[in-house]
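Understanding the architecture of this molecule
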Amino acid sequence: MKNGICVGSDHWENTKTLMYMEAEVENVREKTAEKLPGSWYPGQRLHQGTMSETWLMHSEGVSWRLVLKLAANEKSAWALRREIDILRRLRGEGIPFLYHYDMAGGSPDYEMTDVMPWYTMPFYDGETLRERLDRRHTLTERETVQTGRRLCKILDVLHHRGRPIIYGDLKPENVLLTPDGSVYLLDYGNAWYQGEEQGHIGFRGTPGYAAPECWHLERAGVSVDIFALGVMLHEMLEGGQPREHFGDYSLTDGAYKKRWQALINASTALNAEKRIRDVREADRQLRNITLT
């Protein structure tokens, strides 16, 4: 019995869930200062983390959808402003396109406010590379070449611009594979400009994929992305997630070891001076791998 009306437990639980979601949606509208574009409204929450939350956005009469990314709190607002600042300067295949954004202040250095920064981008249907590897364990050599080359093209856009951008957290969880064969690199929350003062930040990236110099960011350059790419090539061919410490990236299958080992070794050299330093060279070597 609720307010004089007898309802089943399932109905009441669904009602509570709906009330909770309505409150959450209202909270999103408050955080974005009611600036969400036009008829778009948040529907399903996709992710809730310590730094940000993402929502699937719908609009009546529109078949495609958007994703809203919103800073979770004041402490994470600076990071999302930086992500917006980087994404709005990038254009290229495989890079998310910003449809709408509000930096809630106008620059990454703006003082904190009650309004959180946010942006919307297209919703891309597909699965992450991590999900595919969990499902299949490995990719074929041809798939590895294709995925690796498409990632090289994306990194080329970041690295070869007036002020190079280091992606900083290349890993299977951030790579989206779509049914039509497209590859998207998502989540630029750890990206930074080469040579940028890092302040108190002592580490960026994910252990297992982060190059040694990621622990000393003032010495880190674009080749940290090439290191992570090399680890991922090894993972796509061999399966299994890399250890959190630096290990041996030798391939075990002799059938393709000769074709791949030199590239993986040159990409994952612990000494950055001995590593491939230009993603175009990594792409050239991938292009030249002869598949049977």
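So, here is what we can say about the structure in this document. Treat the numbers as computed from the prediction; the structure is a model and nothing was measured. (Residues numbered from 1 in each chain as written. Predicted model: local features only at pLDDT ≥ 70, side-chain atom pairs only at ≥ 80, totals over all residues. Heavy atoms only, no water.)

1. Some points on the packing of helix α4 (residues 141–159) against helix α6 (residues 254–267)
Under the convention used in this document: Lines are fitted to the C-alpha atoms to define the axes, a helix being fitted only along its stretch in contact, and any angle between axes, read from their N-to-C directions, falls within 0 to 180 degrees. Only DSSP runs of H or I covering at least 4 residues are called helices, and only runs of E covering at least 2 are called strands; the numbering of each starts at the N terminus. Throughout, the term roughly parallel applies to angles under 35 degrees, roughly antiparallel to angles over 145, roughly perpendicular to angles from 65 to 115, and oblique to all others. Take the far helix as your reference; a near helix turned counterclockwise from it by less than a right angle gives a left-handed crossing, and one turned clockwise gives a right-handed crossing. Residue contacts are counted whenever heavy atoms from the two residues lie within 4.5 Å of one another. Ten residues, namely Ala, Val, Leu, Ile, Met, Phe, Trp, Tyr, Cys and Pro, are considered nonpolar, four, namely Asp, Glu, Lys and Arg, are considered charged, and the remaining ones, Gly among them, are considered polar.
Contact geometry for α4 and α6: axes closest at 12 Å, N-to-C directions at 15°. One element, α4, and the other, α6, form an angle in the roughly parallel class. Here α4 and α6 pass one another in a crossing that is right-handed. Packed against α4, whose contacting residues are Glu141, Thr144 and Val145, the element α6 presents Tyr256, Arg259 and Trp260 at the interface. The class makeup of the residues in the contact of α4 with α6 is 3 nonpolar, 1 polar and 2 charged.

2. Remarks on the pattern of salt bridges
For the record, the criterion: The rule for a salt bridge is simple: a side-chain nitrogen of Lys or Arg has to be within 4 Å of a carboxyl oxygen of Asp or Glu.
What the rule picks out here adds up to 18 salt bridges. Among the charged side chains, a salt-bridge network with shared partners connects Lys69, Glu83 and Asp187.

3. Here's the deal with the sheet that holds strand β4 (residues 100–102)
Threshold: A strand pair is defined by DSSP finding two or more bridges across the two strands.
Read from one edge of the open sheet, 5 strands run β1-β2-β3-β5-β4, paired in antiparallel fashion. On the outer flanks of this sheet lie β1 (41–48) and β4, each paired with one strand and no other. Within this sheet the neighbouring strands show an average axis-to-axis angle of 25°, counted without direction. Here 5 bridges tie β1 to strand β2 (residues 52–58), and the two strands are oriented antiparallel to one another. For Gln48, the partnering residue across the bridge sits in β2 and is Glu53.

4. Structural notes on helix α2 (residues 74–87)
Inclusion rule: Helices are assigned an expected span. That span is 1.5 Å times one less than the residue count. N or O atoms within 3.5 Å of each other form a polar contact, as long as, within protein, one can give a hydrogen and the other can take it, and as long as residues adjacent in sequence are counted only when both atoms are side-chain atoms.
Counted at 1.5 Å a residue, the expected span for α2 with its 14 residues is 20 Å, and the 20 Å between its end C-alpha atoms agrees. On its buried face, α2 sits against β3 (66–71), β4, β5 (118–122), β7 (165–166) and β10 (192–193). Between a side-chain oxygen at the N-terminus of α2 and the backbone nitrogen of Ser76 the separation is 2.9 Å; the capping residue is Asn73.

5. A few points about empty space enclosed by the protein
Using the following cut-off: Each cavity reported here is a set of points on a 1 Å grid over the protein atoms alone in which a 1.4 Å probe fits but cannot get out, each pocket an open set with protein on both sides within 12 Å along at least five of seven lines, and each lining residue one with an atom within 4 Å of a point. Grid points are joined across faces, edges and corners, and a volume is the space filled by probe spheres set on the points.
Tallied over the full model, the rule gives 1 cavity of 30 Å³ or more. Empty space within the largest cavity amounts to approximately 60 Å³. What lines the largest cavity is simply Gly168, Asp169, Leu170, Arg204, Gly205, Thr206, Tyr209, Ala210, Cys214, Val224, Asp225 and Ala228. A breakdown of the residues in the lining of the largest cavity according to their chemical character gives 6 nonpolar, 3 polar and 3 charged.

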